[in-house]
Each structure stands twice: as C-alpha cells, then as structure tokens.
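# Report on the structure
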Amino acid sequence: METCAAASVTDGCVSARGAARAAVGVALGAAALCGAVLCGAAPARASEPCEARWIAAGVDVTGAVSCSTLTDKGELVIGGLFRGVGGQLVNAVALRSSEGWRALEEGVNGAVFALAPLRGGAIVAGGEFAHASGVPGTENVALWDGAAWRSMGGGVNGRVRAALALPDGRVAVGGDFSRAGNKPARHVAIYDPRSGEWSEVAGGVNNLVFDFAIAPSGELVVAGAFTRAGDTPAPALAVWDGSRWDAIGGLLGSVYSVAFADNGDLLAGGDFRAEGMWGWMVRNVGRWDGKRWHSFHEGAADYVRDVLPLERGTLLIAGSNVSSYPTGVGVARWDGRYWNASGSGIANLPNGSGFRAVFTMTRLPDGTLAIGGDFQLAGGLYTPNLAYLDLGKPAPEITEDPARAYVCATGATTFRVRASGAATYRWQRRGPDTGWQWQDVREGDNFDIEGVFRFRAAGAGTDTLTLDRAAPPPNSAPGWASLGWWATEVRCVVGHECSSATSRGAWLQVCSA
C-alpha cells in the first residue's frame, strides 16, 4: 500500500457537504443530514465566537483521514488510512455516536477513500481493500447496513475514490476500475440495491473519477482526471443526464471536488487552470454559471481537495497551501471578496513529516466543521488527523434593502431595512450638503439641503428611518425644485458585536408642490 504522504494528493475522497447536497438527502428521506442532533461529535459551544477557532477532536487518529460524512441518524463517520481511533482498533473506518467512537465490526483490510450515507444509518464505503470484515464480494466497495457489512454485487476490481447516493436510491461509484461485479465499467458505475446489480454508464470515462454531485436539475456531475466521457470530449468534468454525456466548460488539469452553490452555480476544486470572465485565470478553484467560468480573485495557490459552499456566496476550500492572500494552510474561506485564513491552520510537529493537508470537510448540525486530513496540529492544538473548526459568528444578512421614496410639501417618509442576525442599526446619508460623503444620521438631526429642503430624522437606531420634511421650501427655491429632485441618498449599516453589513443606497426625491 502507498504511504500516506505518497497517496495524499489523489487519495482524498468525497465528503457529505451539508447544504450542498441537501436535495439528495431529502430525496433519500435523509433530511437529518443537515438537521439531526449529533451528540458528542464536537465540544458544545458555550457562545458563538467572533473569529474562527480550532477545537481539538479529543482522540488520536493514527493515520490520514481521507473522507467523512454524516449518517441519516446524525452520526459522524470517517474513513482513511488509519487503524486506530482513541485507542480502539477500527481499521480504516469509524463511527461516532452519542456513546463515543466505535468500529464497524472489523472494518476493512486496507484504506477507505469514499463514504456515502443511505437510509436507516446505512453507509457505502469505497477504497482500496480486499474485503470488509471478511465478507465475500466486498472488494473495494461495501455496504454497511447499520449492523453488518454486505456485498454490493461482488464489488469492483480497482480503487474507489467517490461514492454518492442518487435521488432514485441507486448509488454511483467512481474511481480507478474497469469492472463492477461481472460487467465492464470504465471508472464509473451505478449500483441498484434493489436488484443487487451493477450497470455501466454509456462507456464511462477514460481516466480516474474523484467526485460526484447532483445538479439542481437532477443530472449527475462527474469530476476527475479524464478527457472523454463516452465518445464526448469532456476535460475533467462531465454531466450524465440518464441517457447521454455532456461536457462542462474547458479545463486543463484534474478536478477533485464539486458542489453546488445556493444559486445553482457549480463550484469546482482541484489542480487545474481555465480562462474565466474578462480573461481572468481560474486557478484550482472556480465557479461555472452554466456558460462560463468565474475566478475567485487569484484562486488557490495549490491544489484543492474539497469545496464546501456556505451562505450568501461564501465558500470554504481545503487542501495544503490553498490560499496565498493571506497565506492559508489547510482551510481558507472566501468572504465574497477576498480569501481569509482560518487561524494558524494546520501543521505538523517539528520532528514530523513536512507534508500536511486537509482532505475532507463535513458540516455538523451546530455549524462547526469536522476537518480530516494528514496533520498533527490545528490552530496550534495537538489533534492528529481530525479536528473541528468553528467558523465564528456570521455577518448579518440583509434580506430587504431600503427602497427609494418621494415626498412633496410637508410630511414624512420612511426607509426600512430588514436583516437576519442584526443587533444594531446605523443609518447614513449623503447629498450636496455633505459633499456627497456618507455621514451618520443621528436621532433628532435637523438638516437642510442647499438651504432648500429641511428635514428632521427619527428612528436612526432602528430598522426604520423616518425623515420628516419639517417645512416647505422658501419662495426663493430654485425652479428645478418644483419638478422634483434627488435630494439625498440613505443607507443602513446593520451589525452585531462581531461584524456588519451595509445595505444598498436609496434615494429620496422631493418637490416643492
């Protein structure tokens, strides 16, 4: 078997990515993937911190963690190249329930690189092994039914690197193999638990498969190191609609991880280059909107093993030196504009191996992440190969921006903002009297605009700002005032103790009628 260091780049595997795969979970009756209580998976948070922080797993994992997922019962499962977890012999796969970590019978006699949850606490485990707990017909892929290992149609004849439960209850498996059961299958195959039979996928692909995702429209997206899917040129990414293959974009390299963002765009991470909008280079991580690639600023400095979409266009990527702005080791977060490191990231002890990387991220029900890979330290804490990451309190989300308003003569008009997670509201305005610079609006402020429009402010510290036109303009008002004029622009900064968000501006139009 390859050593952990030698196998690290290609031996990571697909993780269950929470919201990114919620549609699949619901179709399988596994809504608990995102909502079940996961007892004992990570220390409970006494309060939500402002900054991201690492939490030690509390157990030693004796080798690299390549993949992770949650069962539909909310139990964390990890797979990899380890033999022990917390002093127990588990053999490459382990489950954590409310009672702690435990083995799944005798585990497998090799390594696990892919995990996929099914109904009733069942799990598909794929990797490089001759058998699972000695059960015949479990070569490289096997089904844990919640109590024992079972054969999946005789297994496959090569390493499995990806597995995913499909909406119709079947299971897609990908990797480096040419047969599934007794049928030819080039690198990708589909298993039907009802019949116990494998089926090939229209000629398969011509090289390794690393990951799968289900598109919002239901097609299967396949990622890997291939250049053709069936007879279709398809560099690194292909779509199977149930009857034929289609390509996605033009990439040079390999894709290790795919997931879908909330808006339906495809996110890809790996070791690749592509041309994005306006000629920007897409480097190792990119977003496909259905027509073209988009970059995330300068991209990732090194290969990306896992991508995890978060809320409001934010994103986590995992790998080795994944971000150079600022330097991020192991995990980096895209905040919508820039890359940010997660504390001091991962590392090894001074006498340890120079290689360190994160291979898998699984979001737990309380919002923390289970982070698995090949490392000894996370955030300076000794927590070999498995740690938890608390991302901190998210910024408020503005759900409704203030709308433009129109007022004549005396009277009042209001501007309203709606935001989730907001604790404070700070209204600002700008206009000719401020030199078009934003200034805070204070409660009870009286202000004139060009000596013509006079207003008084109320509700400056709430979600609704009222501007009362206290008096009509004098008779000397310029003629344009009678036709209406955009007199001032307002916006609101909503926040809490950790961060803030700013609404779009809204214009106030006034007239002298």
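Just so you know, these numbers come straight off a predicted model, no measurement behind them.

### Focus: the overall build of the protein
In terms of regular secondary structure, the protein is built from three helices and 49 strands. Scored against the burial criterion, the 513 residues of the protein give a buried share of 54%. At a minimum sequence separation of 6, the contacts of the protein that also span at least 24 residues come to 48%. Just so you have it, the protein exposes about 20200 Å², and 49% of that area is on carbon and sulfur atoms.

### What about the side chain of Arg159?
You can see Arg159 is positioned in strand β12 (residues 159-165). Here the side chain of Arg159 touches Glu128 through a polar contact of 2.8 Å, side chain to side chain.

### Thoughts on the sheet that holds strand β27 (residues 293-295)
Overall, antiparallel pairing links the four strands, which are arranged β24-β25-β26-β27 in an open sheet. The outermost strands of the open sheet, each flanked by one partner alone, are β24 (252-260) and β27. Pairwise comparison of adjacent strand axes, ignoring direction, gives a mean angle of 35 degrees for this sheet. Examined bridge by bridge, strand β26 (residues 281-288) and β27 share three bridges and lie antiparallel to one another. Within β27, the position partnered with Trp288 by the bridge is Trp293.

### Let's talk about the environment of Val156
With respect to the secondary-structure elements, Val156 resides in the loop between β11 (149-150) and β12. A relative accessible area of 2% places Val156 in the buried class. Along the backbone, Val156 and Ala185 are 29 residues apart, and their C-alpha atoms lie at a distance of 8.9 Å.

### Structural notes on the side chain of Arg429
Along the polypeptide, Arg429 turns up in strand β42 (residues 424-430). According to the relative accessible area criterion, Arg429 is buried, its value standing at 8%. Engagement of the side chain of Arg429 in a polar contact is seen with the side chain of Asp433, the distance being 2.5 Å. Excluding residues within four positions of it along the chain, Arg429 makes contact with Thr434, Gln437, Trp438, Gln439, Val441, Phe447, Thr488, Glu489 and Val490.

### Digging into the pairing of β12
If a strand is regular, its side chains alternate between the two faces of the sheet. Burial analysis of β12 places seven of its seven residues in the buried class, the great majority of the element. Alignment of β12 against strand β13 (residues 171-176), held across six bridges, turns out to be antiparallel. Considered in β13, the bridge of Ala165 is made with Val171. Here β12 folds back onto β13, and the loop between the two strands holds five residues, one of which, Gly169, carries a positive phi near 95 degrees.

### Things to note about the pattern of salt bridges
Considering all chains together, one arrives at 16 salt bridges under this definition. Of the charged contacts, one joins Asp390 and Arg53 as a salt bridge, the two residues approaching to 3.9 Å between their closest N and O atoms. Separated by 337 residues along the polypeptide, Asp390 in strand β37 (residues 386-390) and Arg53 in strand β1 (residues 53-56) bring together distant segments of the chain. A relative accessible area of 0% places Asp390 in the buried class.

### Quick notes on the confidence of the model for the protein
Averaged over the protein, the pLDDT score is 84; the fraction of residues at 70 or greater is 83%. Note on residues 1-46: pLDDT under 50 across the span, and 124 contacts to partners over four residues away in sequence or across chains. With pLDDT under 50 throughout, residues 475-483 is counted as low confidence; its partners more than four residues away or in other chains account for 10 contacts.

### Some points on the nonpolar core
Ranked by internal contacts, the top residues of the largest apolar core, which has 22 residues, are Phe415, Trp427, Leu465, Leu467 and Leu508. Secondary structure elements with two or more residues in this core: β39 (405-408), β42, β45 (453-458), β46 (464-471), β47 (485-495) and β49 (506-511). Broken down by element, this core gets its largest block of residues, four residues, from β47. Membership of the second largest hydrophobic core comes to 20 residues, among which are Ala116, Leu118, Val124 and Ala180.

### Things to note about the sheet that holds strand β33 (residues 357-363)
The four strands are arranged β1-β37-β34-β33 in an open sheet whose pairing can be described as antiparallel. Of all strands in the sheet, those with a lone pairing partner are β1 and β33, marking the two edges. With direction set aside, neighbouring strand axes in the sheet form an average angle of 30 degrees. Looking at chain direction, β1 and β37 are connected through four bridges and run antiparallel. Looking at the pairing, Ala56 lines up with Ala387 of β37.

### With respect to the layout of surface pockets
Considered as a void within the structure, the largest pocket measures approximately 980 Å³ in volume. Arg312, Thr314, Arg333, Pro394 and Ala395 are, among the 37 residues lining the largest pocket, the residues nearest its centre. Tallied by class, the residues present in the lining of the largest pocket amount to 10 nonpolar, 13 polar and 14 charged.

### Things to note about the packing of aromatic side chains
If you walk through the whole model with that rule in mind, you get 11 aromatic pairs. For the ring pair Tyr256 and Tyr303, a centre distance of 6.3 Å and an interplane angle of 80 degrees mean the geometry is edge-to-face. One end of the pair, Tyr256, is in strand β24; the other, Tyr303, is in the loop between β27 and β28 (304-309), with 47 residues separating them in the sequence. Classification of Tyr303 as buried rests on a relative accessible area of 6%. By way of ring pairs, the aromatic residues Phe210, Tyr256 and Tyr303 are connected into one cluster.

Scoring rules and cut-offs
Residues numbered from 1 in each chain as written. Predicted model: local features only at pLDDT ≥ 70, side-chain atom pairs only at ≥ 80, totals over all residues. Heavy atoms only, no water. Helix = DSSP H or I, 4+ residues; strand = E, 2+ residues; numbered from the N terminus. Buried < 20%, exposed > 50% of the residue type's maximum accessible area, 1.4 Å probe, protein only. Contact = heavy atoms within 4.5 Å. Areas by Shrake-Rupley, 256 points an atom, 1.4 Å probe, with all protein chains shown as cover. Polar contact = N/O pair within 3.5 Å; in protein donor to acceptor, adjacent residues only side chain to side chain. Pairing = 2+ DSSP bridges. Axes fitted to C-alpha atoms, helices over the stretch in contact; angles between N-to-C directions. Salt bridge = Lys/Arg side-chain N within 4 Å of Asp/Glu carboxyl O. pLDDT = per-residue confidence, 0-100. Core = buried A, V, L, I, M, F, W, Y, C linked by side-chain atoms within 4.5 Å. 1 Å grid on protein atoms, 1.4 Å probe; cavity = no way out; pocket = protein on both sides within 12 Å on 5 of 7 lines; lining within 4 Å. Points joined across faces, edges and corners; volume = space filled by probe spheres on them. Nonpolar A, V, L, I, M, F, W, Y, C, P; charged D, E, K, R; others polar. Phe/Tyr/Trp six-rings, centres within 6.5 Å; stacked < 30°, edge-to-face > 60°.

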